[in-house]
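# A closer look at the structure
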Number of protein chains: 2
Amino acid sequence: RKRILITGGAGFVGSHLTDKLMMDGHEVTVVDNFFTGRKRNVEHWIGHENFELINHDVVEPLYIEVDQIYHLASPASPPNYMYNPIKTLKTNTIGTLNMLGLTKRVGARLLLASTSEVYGDPEVHPQNEEYWGHVNPIGPRACYDEGKRVAETMCYAYMKQEGVEVRVARIFNTFGPRMHMNDGRVVSNFILQALQGEGLTVYGSGSQTRAFQYVSDLVNGLVSLMNSNISSPVNLGNPEEHTILEFAQLIKGLVGSRSQIQFLPEAQDDPQRRRPDIRKAKMMLGWEPVVPLEEGLNKTIQYFARELEHQA
Amino acid sequence: RKRILITGGAGFVGSHLTDKLMMDGHEVTVVDNFFTGRKRNVEHWIGHENFELINHDVVEPLYIEVDQIYHLASPASPPNYMYNPIKTLKTNTIGTLNMLGLTKRVGARLLLASTSEVYGDPEVHPQNEEYWGHVNPIGPRACYDEGKRVAETMCYAYMKQEGVEVRVARIFNTFGPRMHMNDGRVVSNFILQALQGEGLTVYGSGSQTRAFQYVSDLVNGLVSLMNSNISSPVNLGNPEEHTILEFAQLIKGLVGSRSQIQFLPEAQDDPQRRRPDIRKAKMMLGWEPVVPLEEGLNKTIQYFARELEHQA
Ligand SMILES: NC(=O)c1ccc[n+]([C@@H]2O[C@H](COP(=O)([O-])OP(=O)(O)OC[C@H]3O[C@@H](n4cnc5c(N)ncnc54)[C@H](O)[C@@H]3O)[C@@H](O)[C@H]2O)c1
Ligand SMILES: NC(=O)c1ccc[n+]([C@@H]2O[C@H](COP(=O)([O-])OP(=O)(O)OC[C@H]3O[C@@H](n4cnc5c(N)ncnc54)[C@H](O)[C@@H]3O)[C@@H](O)[C@H]2O)c1
Ligand SMILES: O=c1ccn([C@@H]2O[C@H](COP(=O)(O)OP(=O)(O)O)[C@@H](O)[C@H]2O)c(=O)[nH]1
Ligand SMILES: O=c1ccn([C@@H]2O[C@H](COP(=O)(O)OP(=O)(O)O)[C@@H](O)[C@H]2O)c(=O)[nH]1
Ligand SMILES: O=c1ccn([C@@H]2O[C@H](COP(=O)(O)OP(=O)(O)O)[C@@H](O)[C@H]2O)c(=O)[nH]1
Ligand SMILES: O=c1ccn([C@@H]2O[C@H](COP(=O)(O)OP(=O)(O)O)[C@@H](O)[C@H]2O)c(=O)[nH]1
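Residues numbered from 1 in each chain as written. Chains lettered and ligands numbered in written order. Predicted model: local features only at pLDDT ≥ 70, side-chain atom pairs only at ≥ 80, totals over all residues. Heavy atoms only, no water.

As a further point, take the packing of helix α5 (residues 186-195) of chain A against helix α7 (residues 244-255) of chain A. All names here are of chain A. In contact at an axis separation of 9 Å, α5 and α7 are set at 40° when each is read in the N-to-C sense. Between α5 and α7, the crossing angle belongs to the class labelled oblique. Once α5 is placed against α7, the crossing between them reads as right-handed. Touching Val-186, Val-187, Phe-190, Ile-191, Ala-194 and Leu-195 of α5 are Ile-244, Phe-247, Ala-248, Ile-251 and Val-255, all from α7. (Axes fitted to C-alpha atoms, helices over the stretch in contact; angles between N-to-C directions. Helix = DSSP H or I, 4+ residues; strand = E, 2+ residues; numbered from the N terminus. Parallel < 35°, antiparallel > 145°, perpendicular 65-115°, else oblique. Left-handed = near helix turned anticlockwise from the far one by under 90°. Contact = heavy atoms within 4.5 Å.)

Attention now moves to the packing of helix α3 (residues 85-106) of chain A against helix α3 (residues 85-106) of chain B. Taken N-terminus to C-terminus, the directions of α3(A) and α3(B) make an angle of 125°; their axes are 11 Å apart at the nearest point. For the element pair α3(A) / α3(B), the angle class is oblique. α3(A) and α3(B) meet at a crossing whose hand is left-handed. Counting all contacts with α3(A), which are made through Lys90(A), Thr93(A), Ile94(A) and Leu97(A), the residues of α3(B) involved are Lys90(B), Thr93(B), Ile94(B) and Leu97(B). Taken together, the residues of the contact of α3(A) with α3(B) sort by class into 4 nonpolar, 2 polar and 2 charged. (Nonpolar A, V, L, I, M, F, W, Y, C, P; charged D, E, K, R; others polar.)

Before going further, it helps to spend a moment on the pattern of salt bridges. Opposite charge on two side chains permits pairing when their charged atoms draw close. Residues and elements named next belong to chain B. Tallied over the full model, the rule gives 46 salt bridges over all chains. For Glu-27, the salt bridge is made with Arg-1, and the minimal N-O distance between the two is 3.1 Å. Taken as a pair, Glu-27 in strand β2 (residues 27-32) and Arg-1 in the segment before β1 (3-7) lie far apart in primary sequence, 26 residues in all. In this structure, Glu-152 engages Arg-170 in a salt bridge whose closest nitrogen and oxygen atoms are separated by 2.7 Å. Of this pair, Glu-152 sits in helix α4 (residues 142-162) while Arg-170 sits in strand β6 (residues 165-171), and the two are 18 residues apart along the sequence. Each of the two residues, Glu-152 as well as Arg-170, counts as buried. (Salt bridge = Lys/Arg side-chain N within 4 Å of Asp/Glu carboxyl O. Buried < 20%, exposed > 50% of the residue type's maximum accessible area, 1.4 Å probe, protein only.)

Turning to the site of ligand 3, a few remarks are in order. Taken together, Pro61(A), Leu62(A), Tyr63(A), Leu97(A), Asn98(A), Gly101(A), Leu102(A), Lys104(A), Arg105(A), Tyr158(A) and Lys90(B) make up all the residues around ligand 3. Proximal residues around ligand 3 fall on chains A and B, making this an inter-chain site. Between a nitrogen atom of ligand 3 and a main-chain N or O atom of Leu62(A), the distance comes to 2.6 Å. Here an oxygen atom of ligand 3 sits 2.9 Å away from a polar atom, N or O, in the side chain of Lys90(B). (Near = heavy atom within 4 Å. Polar contact = N/O pair within 3.5 Å; in protein donor to acceptor, adjacent residues only side chain to side chain.)

Turning next to the site of ligand 2. All names here are of chain B. Residues in close proximity to ligand 2 total 31 residues, the closest being Asp-32, Thr-36, Leu-72, Tyr-144 and His-180. At a separation of 2.8 Å, an oxygen atom of ligand 2 approaches a polar backbone atom of Leu-72. Protein contact buries 98% of the 820 Å² of open area that ligand 2 shows by itself. Of all the secondary structure elements, the ones that give two or more residues to the shell around ligand 2 are α1 (12-23), β5 (109-115) and α4. (Areas by Shrake-Rupley, 256 points an atom, 1.4 Å probe, with all protein chains shown as cover.)

Have a look at this one:
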């Protein structure tokens with residue numbers, strides 16, 4: 001039984017991670033500023049003796065005593081992280097320095113929720129962990145991409161210089177229940193649009209690709225990585241790649257919707273292809289995604305349908 | 001006549017910039033923590049009514065009133081920035097955020113001393129400002145490269161979000177008097193070795209290339225960029241490219257030294273080719289380097305010879 005801090009624990013991924021770690025019997029402290037997270041995502045644990053929720057911004061120092069830190073605090077969807085680029089940068093730079101300072105002081109271990117965005121608009125396909133990436137340092141996505149890249153750099157600086165134990169997960173697109181309804185990511189957009197009979201908004205031609213993993217697969221990967229001895233970066237994602245247009249059609253079909261597909265202008269610097277090479281995670285963690293895409297999508301569709309009812 | 005802040009103003013480039021701006025009749029405030037800078041570099045201005053020297057670390061907030069900020073504070077040579085990677089990261093992230101916060105509050109204009117290192121080990125040659133770079137986010141140079149990349153990102157975030165006026169100079173290798181004797185950069189190493197009859201230490205085969213500009217050319221470029229209306233990044237460097245082995249031979253010749261050339265192991269992630277494309281600076285600033293390489297080297301050799309005498 002460990003004392004575990006989850007920053008960003010009231011968000012989409014963080015709340016599922018909270019569920020797993022609580023179920024496993026750990027003491028879990030969630031720190032969140034509720035920028036994109038919601039109390040509702042973790043409210044079923046409030047009152048439990050092993051659970052604590054702290055309303056705190058990681059840009060400010062934090063003094064607590066823990067054994068492991070899952071550092072997830074950061075806006076994650078493009079509209080959210082572009083909403084206040086300065087804050088996104090502060091969260092990923094100062095916030096990460098603070099969590100590394102905490103990790104150092106208490107002799108804990110920190111796992112950084114990094115991202116496939118460190119590879120940018122990749123010129124190598126699929127992306128493995130050796131690839132240095134292709135990122136525009138001054139483009140509209142830079143606050144997130146460069147913020148996460150330098151957060152990784154910080155982890156390894158603390159590891160080499162201070163002996164801090166770090167783990168770095170490069171997370172590829174993930175979906176599931178508790179994604180925000182309106183954070184603008186493609187899966188939530190398409191499902192909501194399909195459920196509400198609105199046009200499915202495809203940016204550009206829809207020929208750009210992504211590979212989506214279901215959130216329970218990711219959570220298992222994160223916990224497995226944290227408790228491994230692999231300090232170098234590890235991709236966590238589902239290698240099943242589809243075009244965005246295929247996703248639109250698939251989701252429309254699963255919902256049984258009569259929505260049209262609506263083509264909108266391409267987003268600037270939108271990565272054209274993205275697919276994880278997960279051989280490292282397979283080999284070194286024995287991890288791979290197990291939830292089939294359609295099964296994950298159906299669960300997510302059910303969740304959004306209930307949310308819409310709840311709103312009405 | 002302007003009130004001008006130079007962070008890192010007691011360093012190599014900053015002290016020459018101080019000289020120029022003082023000669024032009026401005027009020028100059030130098031802020032430096034003397035990590036690699038020295039009071040000696042600016043001591044000829046101490047006591048002048050337009051000059052102020054503040055011993056301050058940019059990682060801490062700074063409250064002063066100025067019109068322009070040349071933000072140079074950062075270790076610059078590989079041995080210096082690798083000496084304490086965490087501090088290099090803090091200086092480039094928190095330090096830059098502080099200077100942008102200051103710029104915002106007082107409505108000033110900030111010029112960031114960025115670097116050709118944002119291009120990393122480039123796969124495009126020569127490097128123009130559109131190139132996104134090829135940087136290892138977790139390599140030994142990352143504390144500097146990623147630190148500077150995200151510092152650029154921060155500048156443009158403050159520009160777009162807060163209307164802060166920014167200028168970004170991507171500075172290529174520069175040399176001249178007041179380079180630190182022992183900071184391990186190639187020009188100072190070779191000159192000192194040649195003057196002292198020691199072996200000239202070439203890392204790797206010496207076939208890697210660099211292009212070196214003399215410091216007075218850079219200083220003119222920085223001032224010209226600051227006072228232009230170009231907010232996008234501008235390369236400042238001398239496009240005359242040589243292999244490191246050629247440099248060793250040239251310097252040995254100019255010094256008239258009988259030193260041998262000594263081949264040492266290659267440095268990790270050492271950029272193999274680097275040469276600025278300076279068409280943008282030429283066209284938009286009317287700037288280009290004018291000091292011939294040999295002339296600059298001779299001045300620098302004289303400086304180092306005097307320094308060695310001074311030490312003895
Ligand atoms: N979901 C994905 O597809 C995906 C892909 C790659 C990486 N990631 C990373 O995983 C992490 C979690 O992403 P998510 O999808 O759950 O996003 P999310 O927006 O649901 O969760 C992020 C959480 O961090 C909190 N937060 C943001 N800034 C904070 C701050 N300064 N202080 C304290 N809390 C703060 C938010 O309130 C939210 O609860 C993020 O770091 C993200 O970059 C996610
Ligand atoms: N010289 C080059 O070839 C070159 C090339 C590219 C970019 N640059 C950039 O130009 C700038 C100046 O470089 P330089 O060659 O004069 O190096 P330098 O080491 O001589 O000067 C840097 C100065 O910054 C000061 N400094 C460092 N950290 C500080 C902190 N936290 N607070 C306050 N002061 C701090 C140092 O004491 C020093 O005086 C740097 O930002 C560097 O990255 C230089
Ligand atoms: O328990 C801790 C210890 C440190 N920090 C923060 O982490 C940062 C980086 O820590 P580090 O030890 O590197 O910094 P230092 O205190 O030496 O500047 C510090 O500035 C603190 O703000 C924190 O939030 N909690
Ligand atoms: O309503 C939407 C939202 C997103 N996208 C596209 O879907 C892909 C994934 O976008 P998302 O914002 O989910 O995540 P990203 O992988 O870009 O961070 C990108 O190519 C977007 O341009 C789309 O076509 N329609
Ligand atoms: O005159 C100033 C104004 C701000 N800052 C620093 O700049 C940072 C970023 O400024 P910003 O206005 O973005 O931050 P805020 O104060 O809103 O957090 C602040 O945290 C301060 O530490 C400073 O050093 N001098
Ligand atoms: O004593 C030295 C110092 C540097 N170098 C090489 O010279 C080039 C320029 O190195 P420097 O540290 O001056 O600057 P950089 O451009 O790498 O930041 C690099 O290829 C170094 O490996 C060398 O051969 N001998």
